[in-house]
Every structure is written in C-alpha cells, then in structure tokens.
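These are the residues of each chain, in order.
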Amino acid sequence: MKRVIIQSCLNICMYFLAAFFISSIHDQLQLFQNDPVSGTGFNLTLDLSIILPILLVAIGLSITGYWMRTDKKTSFSKWSSSTTEFSDQDEREEVITGKATRTSYVTFLITLPVLMISFLFYAPLMATFPNFPFYAIALVLTAGTLSYMTAWVYYYQK
Amino acid sequence: MKLINRVKSLRSSNGWTQEQFAQMIGVTRQTIISLEKGSYTPSLLLAMQIARVFERPVESIFYLEEESE
C-alpha cells in the first residue's frame, strides 16, 4: 500500500512540475513569436530553480520505485520498463489493481469531457492564464492518479 | 450464495501465525487477513494451495452458504 501512495504522490508532483517547466518554455517561446526580430534571435533560458525540483522528483521516483520493487531479483533495466504501481505481490493485489484501474478509467471518462467544456472558454482563460492548458492536463492526470490511489487503498483495507 | 472458509480456525489449530501461513502459500499477510474476514474470495489455484498446506480437501475448507431472505 505504501508503494502505491508514495508513487502516486510523486507522480502528481511530477505532473505539476512538468506543467510548470513547459509553461516557462511556453512563456519564452511566446515572447519570441511576438517579437522574432528585435532581440538576439532564438534564446531559451532554462531556470535551474525549475529544472532542479523536476530532476529531484524524477530521481526520487526512480529510487523509491526500484527500492520498493516486489521482486528483488529484477534487474534495473527490466524494472525500469514497468511501473511500480503495477508490481503486485499476490493475486489479491492484482485484483485490487484491476479495480483501481477501472476507477481511474471512470475518472478520466468524467474529467476529460469537463476539460473539453472548459476549452469553450479558451479565449478568456488564455487571456488571464496563458498556461491554462498545461495545468488543466496536469489536473486531469492528478484526478486519475488520485482516484487510482484512493481506490487502491480502499480495496486494500477492505 | 456466500463462500465461507475455515482458514482461521485451521490455521490457529496448527499454531501458525498469519505471517507464517502467508509465507507458506506465497501471499501477503494482508491477504490472509482479508481471507479470514471473508472479504476476499481466493482463486481456485490459491484455494488448492491452501488445501494442500492443510492436507485437507478443498471442500472441507471452503463451502457455500445459502443466504436467507
């Protein structure tokens, strides 16, 4: 249970850090598109305060994932091609993962149309919050991951 | 119909802890807890492994109980 909670929380952190990172690139690209000739040409600055947390969370995800792997004989290369959330220890956990995945799927079925509806207000939203699409996608992914984690914990303790 | 099991009483009579029994049949302790509570229905494979550990036929450990209306 602990591995699912930790992995899910780290995944959620990654979604928002990635949204933040892509937003910062988007801001600079927009500047460039608005005024392509007045500056020194294409210039993209990567801020360490943005990249560093992403790197740290990515390293954290890798370490916890590898450390919490169920089959300790699994090599790093074999382990890295799968996800920790799905490394079930017995048949009951496989059943729980199946139920949690179904809950997550239903969450996506609900949240994605809601996201589509929010794009109706694309123009005013983009005017006030230019990076809205990146954070909206991060929110939808978070909803899916949170529902997966909640369902997993619920069925595990049942 | 509900599947009833005698895992808890048989395990206790053998003097095994949940952890020991879980190791014997290759599952987690949490699965044994759920099994004993009756909230988890094991697969046929796991039921037969349990029967082999207890050296009893499956039907003497797991049986169906008719639910009264």
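Residues numbered from 1 in each chain as written. Chains lettered and ligands numbered in written order. Predicted model: local features only at pLDDT ≥ 70, side-chain atom pairs only at ≥ 80, totals over all residues.

K.L.:
How would you explain the overall build of chain B if you had to name every residue and give the values?
P.N.:
When its secondary structure is counted, chain B shows 5 helices and 2 strands. Listed N to C, the secondary structure of chain B is β-α-α-α-α-α-β in terms of helices and strands. Summarising its shape, the C-alpha atoms of chain B cover approximately 40 × 25 × 25 Å along the three principal directions. When the 69 residues of chain B are sorted by exposure, 22% land in the buried category. Once local pairs closer than 6 in sequence are excluded, the contacts in chain B between residues at least 24 apart make up 56%. (Helix = DSSP H or I, 4+ residues; strand = E, 2+ residues; numbered from the N terminus. Buried ≥ 20, exposed ≤ 12 C-beta atoms within 10 Å, placed from the backbone. Contact = placed C-beta atoms within 7 Å.)

K.L.:
How would you summarise the nonpolar core if you had to cite specific residues and measurements?
P.N.:
Counting 10 residues, the largest nonpolar core is built from Val7, Phe21, Ala22, Val27, Ile32, Leu35, Tyr40, Ala47, Ile50 and Phe54 of chain B. Secondary structure elements with two or more residues in this core: helix 2 (18–25), helix 3 (29–37) and helix 4 (44–54) of chain B. Once residues lying within four places of it in the same chain are set aside, the contact partners of tyrosine 40 of chain B are Arg92 of chain A together with Thr31, Ser34 and Leu35 of chain B. (Core = buried A, V, L, I, M, F, W, Y, C linked by C-beta atoms within 7 Å.)

K.L.:
Run through the UniProt feature "transmembrane region" (unreviewed entry) in chain A, naming residues and quoting values.
P.N.:
Residues and elements named next belong to chain A. The UniProt record marks residues 12–29, 49–68, 105–126 and 132–155 with the feature "transmembrane region" (unreviewed entry), using the residue numbering of this structure. Secondary structure across residues 12–29 divides into 100% helix and 0% strand, with the first and last C-alpha atoms of the span separated by 26 Å. For residues 132–155, the helix share is 100%, the strand share is 0%, and the end-to-end C-alpha distance is 34 Å. (UniProt positions renumbered as here; feature names shortened; annotations may be inferred.)

K.L.:
Any chance you could break down helix 6 (residues 132–157) of chain A for me, citing the residues and the numbers?
P.N.:
Helix length check: helix 6 of chain A, at 26 residues, gives a terminal C-alpha distance of 37 Å against a target of 38 Å (1.5 Å per residue), a fit within 8%. Along helix 6 of chain A, the residues classified as buried are Phe134, Ala138, Gly144, Thr145, Ser147, Tyr148, Met149, Ala151, Trp152 and Tyr155 of chain A. (Expected span 1.5 Å × (residues − 1).)

K.L.:
Let's hear about unusual backbone geometry: which residues, and what values?
P.N.:
One non-glycine residue, glutamate 55 of chain B, adopts positive backbone phi at about 55°. Within the fold, glutamate 55 of chain B resides in the loop between helix 4 and helix 5 (58–61).

K.L.:
Describe the environment of alanine 136 of chain A, naming the residues involved and giving the relevant values.
P.N.:
All names here are of chain A. Along the chain, the position of alanine 136 falls in helix 6. Separated by 24 residues in sequence, alanine 136 and leucine 112 place their C-alpha atoms 9.9 Å apart. Beyond its immediate chain neighbours, meaning those up to four positions away, alanine 136 contacts Leu115 and Ser118.

K.L.:
Can you break down the interface of chain B and chain A residue by residue, with the values?
P.N.:
Quite often, the size of an interface is put as the accessible area lost when its parts meet. Opposite the 10 residues of chain B that make contact, chain A presents 6 residues. Residue composition of the side of chain B that touches chain A, by class: 3 nonpolar, 7 polar and no charged. (Nonpolar A, V, L, I, M, F, W, Y, C, P; charged D, E, K, R; others polar.)

K.L.:
Give me the lowdown on the UniProt feature "domain: HTH cro/C1-type" (unreviewed entry) in chain B, citing residues and values where you can.
P.N.:
Those places that UniProt annotates as "domain: HTH cro/C1-type" (unreviewed entry) correspond, in this numbering, to residues 7–61 of chain B. What you have in residues 7–61 of chain B is 73% helix and 0% strand, and the ends, taken at the C-alpha atoms, are 7 Å apart.

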